[in-house]
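Observations on the model geometry
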Amino acid sequence: MLKINNLVVSYGGIEALKGIDLEVEEGKIVTLVGANGAGKSTTLRTIMGLVKPVSGSILYDGKDLLKEKTQNLTRYGLNLVPEGRRVFADLTVLENLKIGAYCRKDTKGIKEDLEWVFSLFPILKERVWQLSGTLSGGEQQMLAVGRALMARPRLLMMDEPSLGLAPLIVKDIFRIIQEIHKQGVTILLIEQNANAALHIADVGYVMETGRITLKGSGKELLTNEEVKAAYLGHSVKKVI
Ligand SMILES: Nc1ncnc2c1ncn2[C@@H]1O[C@H](COP(=O)(O)OP(=O)(O)O)[C@@H](O)[C@H]1O
Ligand SMILES: [Mg+2]
């Protein structure tokens, strides 16, 4: 579904991605884990066309994404929940969700998906008229995910959805990611919480300073000694 080949990205001469290969097969949960600054967000931003690579290729359903405009990607079913839960603070929950469906015209489908989002996140239904800026961090993250779902994505990319959230909410978020996946959405999940991410992932990639250093099934990476030492230390709490 998504295939990245030898992708190099540089910010003002400093290479943030030093030639990465990554593949997302349809129907899978794929996770990219790694420390702060490894290049995870850069990878997602490049897929979305927000950063231009120096070289390499990104194919989505055989389409060359580097030739596509960012605003068209939603139409192809490609959606990103960016880092830092960026919701429109001055708009209500409902308005934010409707914005997620901006490129759709199927009123009936939009209504169905709104109900779907409310069933995943009942708290959003209770707060449809609330200004989004006044939601808690966890609620804003749920809204950011809900808004992306309103575009009816085929491939949903999430950049650190659990960052800065209380453990119980983190648990909720991972449960909901699995639920979304069960409904047929392919997931590319970026996480610093390697433990939780690898637990739910079919395939995991480990990234270190702009390079992919390991690839394996979620299970394999969870039991890999290097991964354990670097990312699954005793201080990491098991959340699921
Ligand atoms: N807009 C930018 N300008 C310059 N350097 C950047 C920019 N964004 C990220 N970087 C640098 O690129 C590297 C990778 O960053 P990032 O992709 O955000 O990592 P991660 O998401 O894994 O924490 C870091 O060294 C970071 O400082
Ligand atoms: Mg990041």
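Residues numbered from 1 in each chain as written. Chains lettered and ligands numbered in written order. Predicted model: local features only at pLDDT ≥ 70, side-chain atom pairs only at ≥ 80, totals over all residues.

Quick look at helix H4 (residues 107-120) now. For H4, spanning 14 residues, the distance from its first C-alpha to its last is 20 Å, which sits close to the expected 20 Å at 1.5 Å a residue. Those residues of H4 not exposed but buried are Asp 113, Leu 114 and Val 117. One side of H4 carries all its buried residues, which in axial view fall inside an arc of 110°. Set apart from the buried face of H4 by more than 90 degrees, the exposed residues are Lys 108, Lys 111, Glu 112, Glu 115 and Ser 119. Where the residues of H4 are buried, they touch helix H3 (93-100), helix H5 (122-126) and helix H6 (137-149). (Helix = DSSP H or I, 4+ residues; strand = E, 2+ residues; numbered from the N terminus. Expected span 1.5 Å × (residues − 1). Buried ≥ 20, exposed ≤ 12 C-beta atoms within 10 Å, placed from the backbone. Arc of directions from axis to C-beta. Contact = placed C-beta atoms within 7 Å.)

Looking now at the nonpolar core. One finds Leu 156, Met 157, Ile 187 and Leu 189 to be the most contacted residues of the largest nonpolar core, which totals 68 residues. Each residue touching Leu 156, except ones within four places of it in the same chain, is listed here: Asn 79, Ala 148, Ile 180, Val 185 and Ile 187. (Core = buried A, V, L, I, M, F, W, Y, C linked by C-beta atoms within 7 Å.)

For the rest of this paragraph, the subject is the pairing of strand E10 (residues 211-217). Bridge count for strand E9 (residues 203-208) against E10 is six bridges, and the pairing is antiparallel. By the bridge assignment, Val 206 is partnered in E10 with Leu 214. (Pairing = 2+ DSSP bridges.)

All right, on to unusual backbone geometry then. In this model, Glu 160 sits at a positive phi of 50°, which is unusual for a non-glycine residue. We note that Thr 209 has phi near 30°; this positive angle belongs to a residue other than glycine. Within the secondary structure layout, Thr 209 lies in the loop between E9 and E10. Under the C-beta neighbour-count criterion, Thr 209 is labelled partly exposed, with 14 such atoms within 10 Å.

Turning our attention to the sheet that holds strand E7 (residues 155-159). The six strands lie next to each other as E6-E7-E8-E3-E9-E10, forming an open sheet whose pairing is mixed. In this open sheet, the two strands that pair with only one neighbour each are strand E6 (78-81) and E10. Looking at each pair of strands side by side, their axes are set apart by 15° on average, direction ignored. (Axes fitted to C-alpha atoms, helices over the stretch in contact; angles between N-to-C directions.)

Looking now at the site of ligand 1. In the neighbourhood of ligand 1, the contacting residues comprise Tyr 11, Ala 16, Gly 34, Asn 36, Gly 37, Ala 38, Gly 39, Lys 40, Ser 41 and Thr 42. Top contributing element to the shell around ligand 1 by residue count: helix H1 (residues 40-47), with three residues. Classifying every residue of the shell around ligand 1 by side-chain character gives three nonpolar, six polar and one charged. (Near = placed C-beta within 6 Å. Nonpolar A, V, L, I, M, F, W, Y, C, P; charged D, E, K, R; others polar.)

What follows deals with the packing of H3 against H6. Packed helix pairs are specified by the crossing angle of their axes together with the interaxial distance, meaning the distance between the axes. Following both chains from N to C, one finds H3 and H6 inclined at 35°, their axes separated by 6 Å at the closest point. Note that H3 runs across H6; the crossing there is right-handed. For the pair H3 and H6, the contacting residues are Val 93, Asn 96, Leu 97, Ile 99 and Gly 100 in the first and Leu 143, Gly 146, Arg 147, Ala 148 and Leu 149 in the second. Among the residues forming the contact of H3 with H6, the class breakdown is six nonpolar, three polar and one charged. (Left-handed = near helix turned anticlockwise from the far one by under 90°.)

Compared with the 22 Å implied by 1.5 Å per residue over 16 residues, the 23 Å span of helix H7 (residues 167-182) between its first and last C-alpha is a close match. At its buried positions, H7 is contacted by H6, E7, strand E8 (186-191) and helix H8 (194-200). Once H7 ends, the next one or two residues include Gly 184, with phi positive near 100°.

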